[in-house]
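A structural walkthrough
Listed below, chain by chain, are the residues.
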Amino acid sequence: MGGAAPSFDQEVDASGLTCPLPILRAKKALAQMESGQVLRVVTTDRNAIRDFQAFSRQTGNVLVAQHEADGRGVHFLRRR
């Protein structure tokens, strides 16, 4: 996944945190958002790419885009 970064409504900076903290922070933020809004999550955990793919499948929140650069992962989730 990649391409141009989509617009987003809220951001969580989970840099420096390891699993499961980035997912837990994202889950908490999504719970406070309206359906259809987009959350941007920034991570440095190497496993976060796979973790957010699994989180999206399990929760029904759409993983709009995901990319990795300079040791950081950026994940865009649309609230179901």
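Conventions adopted
- Residues numbered from 1 in each chain as written.
- Predicted model: local features only at pLDDT ≥ 70, side-chain atom pairs only at ≥ 80, totals over all residues.
- Heavy atoms only, no water.
- UniProt positions renumbered as here; feature names shortened; annotations may be inferred.
- Helix = DSSP H or I, 4+ residues; strand = E, 2+ residues; numbered from the N terminus.
- Rg over C-alpha atoms; globule rule 2.2 N^0.38 Å.
- Buried < 20%, exposed > 50% of the residue type's maximum accessible area, 1.4 Å probe, protein only.
- Contact = heavy atoms within 4.5 Å.
- Areas by Shrake-Rupley, 256 points an atom, 1.4 Å probe, with all protein chains shown as cover.
- Polar contact = N/O pair within 3.5 Å; in protein donor to acceptor, adjacent residues only side chain to side chain.

Looking up the chain in an unreviewed UniProt entry gives the name Sulfur carrier protein TusA, with the organism given as Achromobacter pulmonis. In UniProt, the chain has this text filed under Sequence similarities (unreviewed entry): "Belongs to the sulfur carrier protein TusA family."

What the chain contains, in helices and strands, is two helices and four strands. When the elements of the chain are put in sequence order from the N terminus, they spell out β-α-β-α-β-β. Taken against the 2.2 N^0.38 rule, which gives 12 Å for 80 residues, the C-alpha radius of gyration of the chain at 11 Å falls within 12% of a compact globule. C-alpha atoms of the chain, sized along the principal axes, occupy 30 × 25 × 20 Å. Looking at the chain as a whole, 38% of its 80 residues qualify as buried. Taking the intrachain contacts of the chain between residues at least 6 apart in sequence as the baseline, contacts between residues at least 24 apart amount to 62%. Per element, the accessible surface of the chain, about 4800 Å² overall, is 46% carbon and sulfur.

Relative to the elements of secondary structure, Q37 occurs in the loop between α1 (21–31) and β2 (38–43). Put simply, Q37 and R78 are 41 residues apart on the chain and 5.6 Å apart in space, counted from C-alpha to C-alpha. Here E34 takes part through its backbone nitrogen, which lies 2.8 Å from a polar atom of the side chain of Q37.

Considering the arrangement of structural elements, one finds N61 in the loop between α2 (48–59) and β3 (62–69). Residue class for N61 comes out buried when judged on its relative accessible area of 5%. Among all residues touching N61, those that are not within four sequence positions of it are L30, F55, S56, L77, R78, R79 and R80.

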